[in-house]
Structures are given as C-alpha cells and as structure tokens.
Amino acid sequence: MAKTAPEGLITALDIGSSKVSALIAQKGDGGELVVLGTGQRESRGVQRGYIADMHATEVAVREAVEQAERIAGTNIEDVWVSFSAGGMESNILRLEVDLGGHRVEQSDVDELLQAGREAINPGGRMVLHAQPTRYTLDGLAGVKQPKGLHAERLGVDIHVVSTEGAPVRNLDLCVRSAHLEVKSIIAAPVATGLACLSEEERELGVALVEIGAGVTNVSVYKDGVLTGLASIACGSADITDDIASAFGTRRGQAERMKCFYGSANMTPRDNHDMIDVAPLSAHEENAEGTRITRAQLIAVIRQRLDRLMAMIREELTKLHFEDPVGRQIVLTGGGAELKGIADYAQQALGRSVRVGRPRGLSALPEAHAGPAFATLAGLATFAAADPVDLRTLEHPGQLVVRANPKAMFSRLMAAFKANY
C-alpha cells in the first residue's frame, strides 16, 4: 500500500499530443533531484497541444500518475504541469527608477518588483510567468543581487510569458478532474530549456527547437533569458501520418516504420534494403501487404522535414536569431529521436546543431532519458528551483513595503516608458 508523500516531493506532469508522462522526484541532501518513479500513457485526448477530449485526457493523466506512484511507493496530491499549445508569447518588461545614489535596500527592490507586477498588461491574455531575471545598476546589466550596492538608478528585467486563457483553464480543469491539485502550469519551453541547456549556452545565445508530436516550439535564449518563442502547428506525428498515407498502412505500423527504419539522411544502401508494409485493412481476408525500399520511406520523411525546417528557419529569423554565426541550435522533443536528425538540421539551417537530452536528475530510467522527456525533467528542475514569480506578490503593505505616492508614480512612469 502506498504511503503518504514525504516533504519535498515533486511531481511533474507533461501532457503532450502523443503521450502523458509523470515523474516523481525528491531533493537529496546535496540539493540533487532523485527520481523515485515515472509513468507514461498514450495521449488520446490532446491535439496540437490543446485538450480536445477532457475525459480521455483525464484517464491518461490518472493512469500515468498512478503508475509513477506505484513505482515510487507513495501517494502524491499536487503536480507541476506543462503547457505546450501554440499562442504563447515571451516579452521582457524593463523598469528603472532613481535612487539618488544611496545604497539599495530590500524595500527598494520590493517596491520595484511591486511596480513591475502592476505594470504587466498582457492585454486580456493569461500570464504564465512573470519572473525578475536580472537587475541593472546605473545601466550595468547582469546584477543578480543589488542589495547593499550604491547606485543612482536601479532597474529590473521581468520575463513575462503569456497565452490565451481558455486552453490553460481546460488543462487545469482536466488535471483537477483527475483528483490532483495543480501547483503551477509552466510553459513547456521554459521547462525544457532548464533540462537541456547549460547556463553558459543561455548566456551566449542559443535556439531551442522542441519537435513534439503535434507542435514544434521554437525558443531563443540570450543573456541568460528566454527572449522570444514561437509555435509551429507541425510535429513528428505529421511524419507518421505522411508515411501511413503514402504506403496505405495504419498509423501504428507507420510509427514503427519511422522508429525502426526511418532516418533524416539517405545512403546508397537504402535503395536495396526492403521493408514489409502491413496493409491498412489487415483484418480482411486476402489482404496483402507491399514491400518498399528504405529509400522510399526516407524520401517521405524528408519531404515533411524539408517543410518543417523551412518553417523553423522562418521563425528563427522573426525572433532575430541571426548573429553571431557561432550560435547553435539544440533539438529536443520526441521528433529529435529520429536517426540523423542533427546532421540533417545542421545542413538545412546552416547552424551547429546538437540533440538535447535531460540532465540534472539522478536515477532517471533509461527509457525516460531521451529528448522526448526533456520537458518532464525540466518541470522537476523548475519546481525544485521555485523561482520568484511576481504574480504571487501580495498587495502593498503585506509582503512588500508600501511605496509613497511619488515613488510609486515614478515607478509606473518608468514602466510605461519601457513600451511593454
């Protein structure tokens, strides 16, 4: 019988278009995350990252979590959930106020963050994240802890991720219907970046391309911050559908063909390797399958990849991921498990490309250590860090120091000048 969850337990829940996966981890004495249990179920109620069938998704969530609970030998009550549907926007809100040269006190920081909280105007959209990322002192960026330093001006950069509200509310309702409390809903690119990218990569500048089953998320990091993101309604499931359509077979068979024989690159030998294809109507009598060459399969895969890479290249241009030449691209997600994808993407995008796998977790099962589970691992990492979010700040006079009217007015004016 499962026991009650101990303190410090973290449960991550990734609800994707092809699978629902859960992970239970606990912080070790040294701060490391130790995986206690994982679970996975096929996702039948999610399309392009959106909840399309509440009941089917709820069942998959419950079964994935129960499997993780059995392995971990404990019951959990709350989860950190990923959100990967399209429509997310990432912006940086910059505020700066005059200090008059005195030392920065905690009250100055509190008032600045409170002003930032009140200045966030997502235009009717739902805010998923509102996190102070770095401070500035007299224009000097990259200050992590300004308290105690002298400055004429104190500023802060606030990272804001927003999206349409209805899909998030549907996700929240679905998880709660499975009798789980939602600790927080995290933008998938934020979580995935924590799992796959080093701090130095995020500082120097890197693009993270997560190829999911139904959605490909493209995010750009610079100076340690997620500066922009875009979603493409295309993913690895579209490759599977193309194979099924081209060779007249079922999706399950097409997925197997893609995983076992598929590749993003072609060799002369592929013209001679033969693959048996089960017919779409295999249950009927006299139904005969066909045989194709591996080259024919790869040609279908590459057609879809060519279109996807063209869309990724277009989004990277819109996100100003152009200079310097040395910036690299990290591929992750289930689509990044396709053989030869990194070499293919490097030629198609003209950038250095590597496949990103989750890191930073101890005792992670090998089956969950691939790029398809990067978001799941990133959720646990995010939860363990528990970063400051301005949405949790109380009204002035409670958790922060109440500003006098002149000081608050100057801060709000600074926010409006930031042209958020």
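None of these values were measured; they are calculated from a predicted model.

Visitor: Run through the nonpolar core, naming residues and quoting values.
Guide: Membership of the largest hydrophobic core comes to 61 residues, with the highest contact counts inside it found for Leu 13, Ile 15 and Val 81. Sorting elements by how many residues they give to this core places helix 10 (residues 374-385) first, with eight residues. Excluding residues within four positions of it along the chain, Val 81 makes contact with Leu 13, Ile 15, Leu 171, Val 175, Val 182, Ser 184, Ile 185, Ile 186 and Leu 379. Listed in part, the 39 residues of the second largest apolar core include Leu 297, Phe 321, Ile 341 and Ala 345.

Visitor: So, helix 2 (residues 106-119): which residues are in play, and what are the values?
Guide: If you check helix 2, its first and last C-alpha atoms are 20 Å apart, about what 14 residues at 1.5 Å a residue would give, namely 20 Å. Summarising burial for helix 2: ten of the 14 residues are buried, a large majority. Those residues of helix 2 that sit buried are Asp 108, Val 109, Asp 110, Glu 111, Leu 112, Leu 113, Gln 114, Ala 115, Gly 116 and Ala 119.

Visitor: Describe the packing of helix 6 (residues 236-247) against helix 7 (residues 251-261), with residues and values.
Guide: Packed helix pairs are characterised by how far apart their axes lie and by the angle those axes make with each other. In the contact formed by helix 6 and helix 7, the axes pass within 8 Å of each other and the chain directions differ by 110°. When the axes of helix 6 and helix 7 are compared, the pair comes out roughly perpendicular. Crossing hand, helix 6 versus helix 7: right-handed. For the pair helix 6 and helix 7, the contacting residues are Ser 236, Ile 239, Thr 240, Asp 241, Ile 243, Ala 244 and Phe 247 in the first and Arg 251, Ala 254, Glu 255, Met 257 and Lys 258 in the second. Residue classes in the contact of helix 6 with helix 7 are distributed as six nonpolar, two polar and four charged.

Visitor: Pulling in residues and values, what's your account of the sheet that holds strand 3 (residues 19-27)?
Guide: The strand order across the open sheet formed by six strands is 13-8-2-3-4-21, and the pairing between neighbours is mixed. Because the sheet does not close on itself, it has two edges, and the strands there are strand 13 (181-187) and strand 21 (361-362). In this sheet, strand 8 (residues 78-83) lies alongside strand 2 (residues 9-15) in parallel orientation, the contact comprising two bridges. Within strand 8, the position partnered with Ala 12 by the bridge is Trp 80. Relative to the sheet, helix 10 contacts strand 2, strand 3, strand 4 (33-42), strand 8, strand 13 and strand 21, its axis offset from that of strand 2 by approximately 145°.

Visitor: Go over the pairing of strand 11 (residues 140-143) with me, naming the residues and quoting the values.
Guide: As paired elements, strand 10 (residues 126-137) and strand 11 share two bridges and run antiparallel to each other. Within strand 11, the residue paired with Tyr 135 across the bridge is Val 143. The hairpin formed by strand 10 and strand 11 contains two residues between the paired strands, and Asp 138 there has a positive phi angle of roughly 55°.

Visitor: Please give an account of the pairing of strand 4 that cites residues and values.
Guide: Working note: regular strand, side chains alternate between the two faces of the sheet. With nine bridges joining them, strand 3 and strand 4 adopt antiparallel strand pairing. Residue pairing across strands places Gln 26 opposite Val 34, the latter belonging to strand 4. Taking the residues that link successive antiparallel strands as the turn, the strand 3-strand 4 hairpin has five residues, and the phi of Gly 31 there is positive, at about 90°. Taken together, the two bridges between strand 4 and strand 21 define a ladder with parallel strand orientation. Looking at strand 21, one finds that Leu 33 is bridged to Leu 361.

Visitor: Give a detailed account of the sheet that holds strand 15 (residues 216-222), specifying residues and quantitative values.
Guide: Through backbone hydrogen bonds, the strands of a sheet pair up, either in parallel or in antiparallel fashion. Pairing is mixed in the open sheet, where five strands are placed in the order 16-15-14-19-20. Here the strands that pair on one side only, and so sit at the sheet edges, are strand 16 (225-232) and strand 20 (352-355). In this sheet, adjacent strand axes meet at a mean angle of 20° when their direction is disregarded. Here four bridges tie strand 19 (residues 328-332) to strand 20, and the two strands are oriented parallel to one another. Directly across from Ile 329, in strand 20, lies its bridge partner Val 353.

Criteria and thresholds
- Residues numbered from 1 in each chain as written.
- Predicted model: local features only at pLDDT ≥ 70, side-chain atom pairs only at ≥ 80, totals over all residues.
- Heavy atoms only, no water.
- Core = buried A, V, L, I, M, F, W, Y, C linked by side-chain atoms within 4.5 Å.
- Buried < 20%, exposed > 50% of the residue type's maximum accessible area, 1.4 Å probe, protein only.
- Helix = DSSP H or I, 4+ residues; strand = E, 2+ residues; numbered from the N terminus.
- Contact = heavy atoms within 4.5 Å.
- Expected span 1.5 Å × (residues − 1).
- Axes fitted to C-alpha atoms, helices over the stretch in contact; angles between N-to-C directions.
- Parallel < 35°, antiparallel > 145°, perpendicular 65-115°, else oblique.
- Left-handed = near helix turned anticlockwise from the far one by under 90°.
- Nonpolar A, V, L, I, M, F, W, Y, C, P; charged D, E, K, R; others polar.
- Pairing = 2+ DSSP bridges.

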